[in-house]
Amino acid sequence: WAANIAMIWKWVMGDGLTWEQLEAASCKGTSLGALVTASLTFSPARYSRGPVVLAALRIWGQWRRYKRVEGASIWTPICNNHRFVPGRLDGGFRSWQRAGIRRMGN
């Protein structure tokens, strides 16, 4: 779990590493951060076909169930998030993102 969680933390923080960009490219209509922070009731296969992404999300889901962390998170991104429609439609959220307000918890 530890190695997987370290990789997932990079996805949430969006460090822009090359391997992260390759994995992010496999996501359609959302971001890696949105997939990681979503509630466990969705199917990640709807948003990504990347085998690394799907395997990591499966392991991440196992850890979350074990720790009973099943709901959405304050780390959820406000842009490029399949579960937050205003962030996809309103350009003002992009301005907030550029200003450093990137997540619901900011």
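Calculation criteria
Residues numbered from 1 in each chain as written. Predicted model: local features only at pLDDT ≥ 70, side-chain atom pairs only at ≥ 80, totals over all residues. Heavy atoms only, no water. Helix = DSSP H or I, 4+ residues; strand = E, 2+ residues; numbered from the N terminus. Expected span 1.5 Å × (residues − 1). Buried < 20%, exposed > 50% of the residue type's maximum accessible area, 1.4 Å probe, protein only. Arc of directions from axis to C-beta. Contact = heavy atoms within 4.5 Å. Core = buried A, V, L, I, M, F, W, Y, C linked by side-chain atoms within 4.5 Å.

**What about helix H4 (residues 51-67)?**
Logical step 1: Taking 1.5 Å of rise per residue, 17 residues should cover 24 Å, and H4 covers 24 Å from first to last C-alpha, within 8% of that figure.
Logical step 2: Taken as a whole, H4 has its buried residues at Val53, Ala56, Leu57, Trp60, Gly61 and Arg64. Across the axial projection of H4, the buried residues extend over an arc of 145°, all falling on one side. Exposed residues lying more than 90 degrees from the buried face of H4 are Pro51 and Tyr66.
Logical step 3: Looking at the buried side of H4, the elements it contacts are helix H1 (2-13), helix H2 (18-25) and helix H3 (32-37).
Logical step 4: At the exit of H4 stands arginine 68, carrying a positive phi of roughly 60°.

**Some points on unusual backbone geometry**
Logical step 1: Despite not being glycine, arginine 68 shows a phi value in the positive range, around 60°.
Logical step 2: With respect to the element layout, arginine 68 can be found in the loop between H4 and helix H5 (85-89).
Logical step 3: Phi is positive for asparagine 80, which is not a glycine, with a value near 55°.
Logical step 4: Along the chain, asparagine 80 falls in the loop between H4 and H5.

**A closer look at the nonpolar core**
Logical step 1: Ile8, Trp11, Leu35, Val36, Val53 and Leu57 are the most contacted members of the largest nonpolar core, which totals 15 residues.
Logical step 2: When residues of this core are traced back to their parent elements, those giving at least two are H1, H3 and H4.
Logical step 3: In this structure, tryptophan 11 is in contact with Trp19, Glu20, Glu23, Leu32, Gly33, Val36, Val53, Ala56 and Leu57, ignoring residues within four places of it in sequence.

**Here we look at H1**
Logical step 1: When the terminal C-alpha atoms of H1 are compared, their 17 Å separation across twelve residues agrees well with the 16 Å that a helix rising 1.5 Å per residue should span.
Logical step 2: Buried residues of H1: Asn4, Met7, Ile8, Trp11 and Val12, and no others. Mapping the buried residues of H1 onto a view down its axis gives an arc of 145°, with all of them on the same face. H1 presents Ala2 and Ala3 as exposed residues on the side facing more than 90 degrees away from its buried surface.
Logical step 3: Its buried side turned inward, H1 meets H2, H3 and H4.
Logical step 4: Two residues or fewer past H1, glycine 14 is found with a positive phi of approximately 65°.

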